[in-house]
Amino acid sequence: MQVKNDLLLRTVKGEKVERPPVWLMRQAGRILPQYRAVRNSLNGFIALVKNPELVAEVTIQPVDELGVDAAILFSDILVIPEAMGLPYELVEKKGPYFPKVIQSKSDIEALTTEVNPQLDYVFGGIDKTLEKLEGRVPLIGFSGAPFTLFCYMIEGSGSKTFSKAKRFLYQEPELSHQLLQKITTAIIQYTNEKVNRGVHLIQIFDSWAGVLDEQSYREFCIPYLREIVQSLKPRVPVTLFSKGAWFALHDIQRVGADVIGLDWNISPSQARDLLGREQVVQGNLDPCMLYADDQMIENATIKMIQEFGRNHIVNLGHGVYPDTPLDKVKTFVNCVKSFRY
Ligand code: CP3
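Residues numbered from 1 in each chain as written. Predicted model: local features only at pLDDT ≥ 70, side-chain atom pairs only at ≥ 80, totals over all residues. Heavy atoms only, no water.

Undergrad: It is not clear to me how the environment of Y291 should be interpreted in this structure. Could you clarify?
TA: By secondary structure assignment, the location of Y291 is in the loop between β8 (280-285) and α15 (294-308). The class for Y291 is partly exposed, based on a relative accessible area of 40%. Sequence spacing of Y291 and I108 is 183 residues, and the spatial spacing of their C-alpha atoms is 43 Å. Residues contacting Y291, with those up to four places away along its chain left out, are Y321, D323, T324 and P325. (Helix = DSSP H or I, 4+ residues; strand = E, 2+ residues; numbered from the N terminus. Buried < 20%, exposed > 50% of the residue type's maximum accessible area, 1.4 Å probe, protein only. Contact = heavy atoms within 4.5 Å.)

Next comes the structure, spelled out in structure tokens:
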């Protein structure tokens, strides 16, 4: 179906657009009272993720409420480890928890890469969302990156340092590569089926890239990211968001994704010096800026847009925090929507 608001897709192609498109990572979530109502009617987050009807509903909520230029499919990156054989739980106020983790070669061998049969609920959610969205805005599909999923599969939960996952990386580099390759194979199967179902863009979240150093990033992330991007790129545009990996931006650019996601640890002008003005980038306002007053939010947003120049998709530098007041999110979105280059 033809997309009515195709600002995001035109920007991705490098076209000269009237203003930058805007959406927010984690826009479908707890900032919206409508989301909290749906969520509270169910027994937990995973029940919501596995219900295609409700997935469509909460995916579209921010399009209705905020008027953003894209929808992102409501799901989680942890559906892949589960489909490979490691179920997760979401502990209220604490985050993800894996009762079983990867510790040995036999644990890795026991994982399957045939994930799509277990992920039918995600693909059903795409069908339902596209049906209800009626082509208003593009639909973004996503996956965690191999290293970020590796972190959860070894560590078993969130962490500030992911030192257990990194210990495995440095003590067992060969097994680590074996696991990263299996995760990559699963991601390729999963994301390509998302494309078959009709998503307009795929974003890869490498949320914990920033715990690595440059050399490890080159060894344990780049080759797998390249494999994923190459498998998708002929079919659909790809955004690569490696949070905290500003030290590897040149390598990331050479992976060849259409869009590079940026967090707020790099300034727009530094990013432009490294990547050039033609590279389409996405980001990067500090999510905490949305706690400021309206005037300050608008000033920071316009400064960012002007500093990046064209070939820019406005977003925060990471997911919007759940306690962000909804009217501040609207201030941010409306400020971008009334801007003209
Ligand atoms: O962006 C969107 O609006 C789409 C939905 C989305 C969710 N998770 C919903 C969610 C996306 C794109 C994700 C990706 C995700 N999940 C990432 C990568 C992006 C990032 O933030 O770096 C990561 C690392 C995860 C893992 C994860 N899932 C964590 C750490 C948590 C708990 C933290 C929290 O916010 O509570 C989740 C749960 C989760 N995923 C929630 C939502 C809306 C909160 C669950 C709830 O409703 O209680």
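Now that the structure is up, let's keep going.
Undergrad: Explain the pairing of strand β4 (residues 139-144) here, please?
TA: Residues in a regular strand project their side chains so that they alternate between the two faces of the sheet. Among the 6 residues that make up β4, 6 are buried, leaving the element largely enclosed by the rest of the structure. Judged by which residues are buried, β4 turns out to be covered on both faces: L139, G141 and S143 on one side and I140, F142 and G144 on the other are all buried. Both strand β1 (residues 71-72) and β4 contribute to a ladder of 2 bridges, which runs parallel. The residue of β4 that forms the bridge with A71 is L139. One ladder, built from 5 bridges, connects β4 with strand β5 (residues 201-206); its direction is parallel. Its bridge partner being in β5, I140 is matched across the sheet by L201. (Pairing = 2+ DSSP bridges.)

Undergrad: Quick question: what am I supposed to make of the packing of aromatic side chains here?
TA: Aromatic ring pairs: the centre-centre distance and the angle between the two ring planes describe each pair. Taken as a whole, this structure holds 13 aromatic pairs when the rule is applied. Between W246 and F247, the aromatic rings sit 6.0 Å apart at their centres with planes inclined by 75 degrees, giving edge-to-face as the arrangement. Taking relative accessible area as the criterion, W246 reaches 49% and is therefore assigned partly exposed. For F247, a relative accessible area of 22% translates into the label partly exposed. Cluster of aromatic residues (ring-pair linked, three or more members): Y35, F45 and F74. (Phe/Tyr/Trp six-rings, centres within 6.5 Å; stacked < 30°, edge-to-face > 60°.)

Undergrad: For this particular structure, what's the right way to read unusual backbone geometry?
TA: Most peptide bonds adopt trans geometry, and most residues besides glycine take a negative phi value. The omega torsion across G283 and N284 is -10 degrees, close enough to zero to call that bond cis. With respect to the helices and strands, N284 occurs in strand β8. Non-glycine residue E134 carries a positive phi angle of around 50 degrees. Examined against the element boundaries, E134 turns out to sit in the loop between α7 (120-133) and β4.

Undergrad: Would you mind going over the pattern of salt bridges with me for this structure?
TA: Here the idea is simple: oppositely charged side chains can pair when their charged atoms come close. Scanning the model with the defined rule gives 17 salt bridges in all. Where D64 meets R136, a salt bridge forms, and the shortest distance between an N and an O atom there is 2.7 Å. Highlighted residues: D64 in helix α4 (residues 52-66) and R136 in the loop between α7 and β4, separated in sequence by 72 residues. The exposure class of D64 is exposed, given its relative accessible area of 52%. (Salt bridge = Lys/Arg side-chain N within 4 Å of Asp/Glu carboxyl O.)

Undergrad: Explanation requested: the packing of α15 against helix α16 (residues 326-337) in the structure shown.
TA: Each packed pair of helices is defined by two parameters, the angle between the axes and the distance between the axes. At their nearest, the axes of α15 and α16 sit 9 Å apart, and the two run at 40 degrees to each other. As the angle between them shows, α15 and α16 are arranged oblique. Viewed along their axes, α15 and α16 form a crossing whose handedness is right-handed. Residues D294, I297, E298, T301, I302, M304 and I305 of α15 pack against K328, T331, F332, C335 and V336 of α16. Its residues placed into classes, the contact of α15 with α16 shows 7 nonpolar, 2 polar and 3 charged. (Axes fitted to C-alpha atoms, helices over the stretch in contact; angles between N-to-C directions. Parallel < 35°, antiparallel > 145°, perpendicular 65-115°, else oblique. Left-handed = near helix turned anticlockwise from the far one by under 90°. Nonpolar A, V, L, I, M, F, W, Y, C, P; charged D, E, K, R; others polar.)

Undergrad: Honestly, the side chain of D76 in this entry has me stumped. Any pointers?
TA: Tracing the backbone shows D76 in the loop between β1 and α5 (79-84). A distance of 3.1 Å separates a polar atom in the side chain of D76 from the backbone nitrogen of L78. Residue contacts for D76: discarding those within four places in its chain leaves F45, Y88 and F142. (Polar contact = N/O pair within 3.5 Å; in protein donor to acceptor, adjacent residues only side chain to side chain.)

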